[in-house]
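Listed here are the chains, written in short residue letters.
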Amino acid sequence: MLNHREKRRYVALMYDSSGTYQPFQLHEKIGIRFRELFGIFPMQSAMLKLYDSEFRNIMIVRCKLKYLDCFLVSLALTEPPLTVVSISGTLKKLRKNVSKKDFRNIKNIRS
């Protein structure tokens, strides 16, 4: 039997830091929306996990590659809106990509 580990993707999400939600609350809202759209089994199989971020208004979520498109759809339909900043296969590369970008000039615009 071959040992096979499924590929994962790490997604950096920008959220409104002045809002009322903390990153762990947003992670729960994403999970609830994912479950509403695709069901409990795909949600559990996607293995969504929240990681610490050293950036002020950026949160990092891990997802299995197989369920990445479902995850991105659930992000688009989540309230409050979240913006995908970067996607990478490793946490180290994702943090490096996010640190290169300048977020001081970017503001979340509420409609």
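Residues numbered from 1 in each chain as written. Predicted model: local features only at pLDDT ≥ 70, side-chain atom pairs only at ≥ 80, totals over all residues. Heavy atoms only, no water.

This model, assessed by the stated rule, comprises three salt bridges. A salt bridge links Arg33 to Glu36, with the nearest nitrogen and oxygen atoms 3.3 Å apart. With Arg33 and Glu36 both in helix 1 (residues 23–38) and three residues apart, the pair spans about one turn of that helix. We note a salt bridge from Arg95 to Glu54, for which the minimum N-O separation is 3.7 Å. Of the two residues, Arg95 sits in helix 4 (residues 91–100) while Glu54 sits in the loop between strand 2 (49–51) and strand 3 (58–64), which places them 41 residues apart along the sequence. (Salt bridge = Lys/Arg side-chain N within 4 Å of Asp/Glu carboxyl O. Helix = DSSP H or I, 4+ residues; strand = E, 2+ residues; numbered from the N terminus.)

The subject of this paragraph is the sheet that holds strand 3. One open sheet holds the four strands; their spatial order is 2-3-1-4, and the pairing between them is antiparallel. Since the sheet does not close on itself, it has two edges, and those belong to strand 2 and strand 4 (83–88), each with one partner. Taking the axes of each pair of neighbouring strands and ignoring which way they run, one obtains an average angle of 30 degrees across the sheet. Pairing geometry for strand 2 and strand 3, over three bridges, is antiparallel. Considered in strand 3, the bridge of Lys49 is made with Arg62. (Pairing = 2+ DSSP bridges. Axes fitted to C-alpha atoms, helices over the stretch in contact; angles between N-to-C directions.)

A few words now on the nonpolar core. Among the nonpolar cores identified, the biggest contains 18 residues, and Leu13, Ile30, Phe34, Met59, Phe71 and Leu82 are the most heavily contacted of them. When residues of this core are traced back to their parent elements, those giving at least two are strand 1 (8–14), helix 1, helix 2 (40–46), strand 3 and helix 3 (68–76). Here the element with the most residues in this core is helix 3; it accounts for four residues. Apart from residues lying up to four places away in sequence, Leu82 is in contact with Leu13, Met14, Tyr15, Leu26, Ile30 and Leu75. (Core = buried A, V, L, I, M, F, W, Y, C linked by side-chain atoms within 4.5 Å. Buried < 20%, exposed > 50% of the residue type's maximum accessible area, 1.4 Å probe, protein only. Contact = heavy atoms within 4.5 Å.)

On to the packing of aromatic side chains. Applying the stated criterion across every chain yields a total of two aromatic pairs. Aromatic pair Tyr10 and Tyr51: ring centres 5.6 Å apart, planes at 70 degrees, arrangement edge-to-face. In this pair, Tyr10 sits in strand 1 while Tyr51 sits in strand 2, placing the two residues 41 residues apart along the sequence. Each member of the pair, Tyr10 as well as Tyr51, carries the same accessibility label: buried. On the numbers, 5.4 Å between centres and 55 degrees between planes, the contact of Phe34 with Phe38 is tilted. Remark: Phe38 and Phe34 occur in helix 1; sequence separation between them is four residues, near one turn of the helix. Judged by relative accessible area, Phe38 falls into the partly exposed class, the value being 31%. (Phe/Tyr/Trp six-rings, centres within 6.5 Å; stacked < 30°, edge-to-face > 60°.)

In terms of residue burial, strand 3 counts as a mostly covered element, since seven of its seven residues are buried. Neither face of strand 3 is left uncovered, since the one carrying Ile58, Ile60, Arg62 and Lys64 and the one carrying Met59, Val61 and Cys63 both have all their residues buried. Note that strand 1 and strand 3 share seven bridges and pair antiparallel. The partner of Tyr10 across the bridge, within strand 3, is Arg62.

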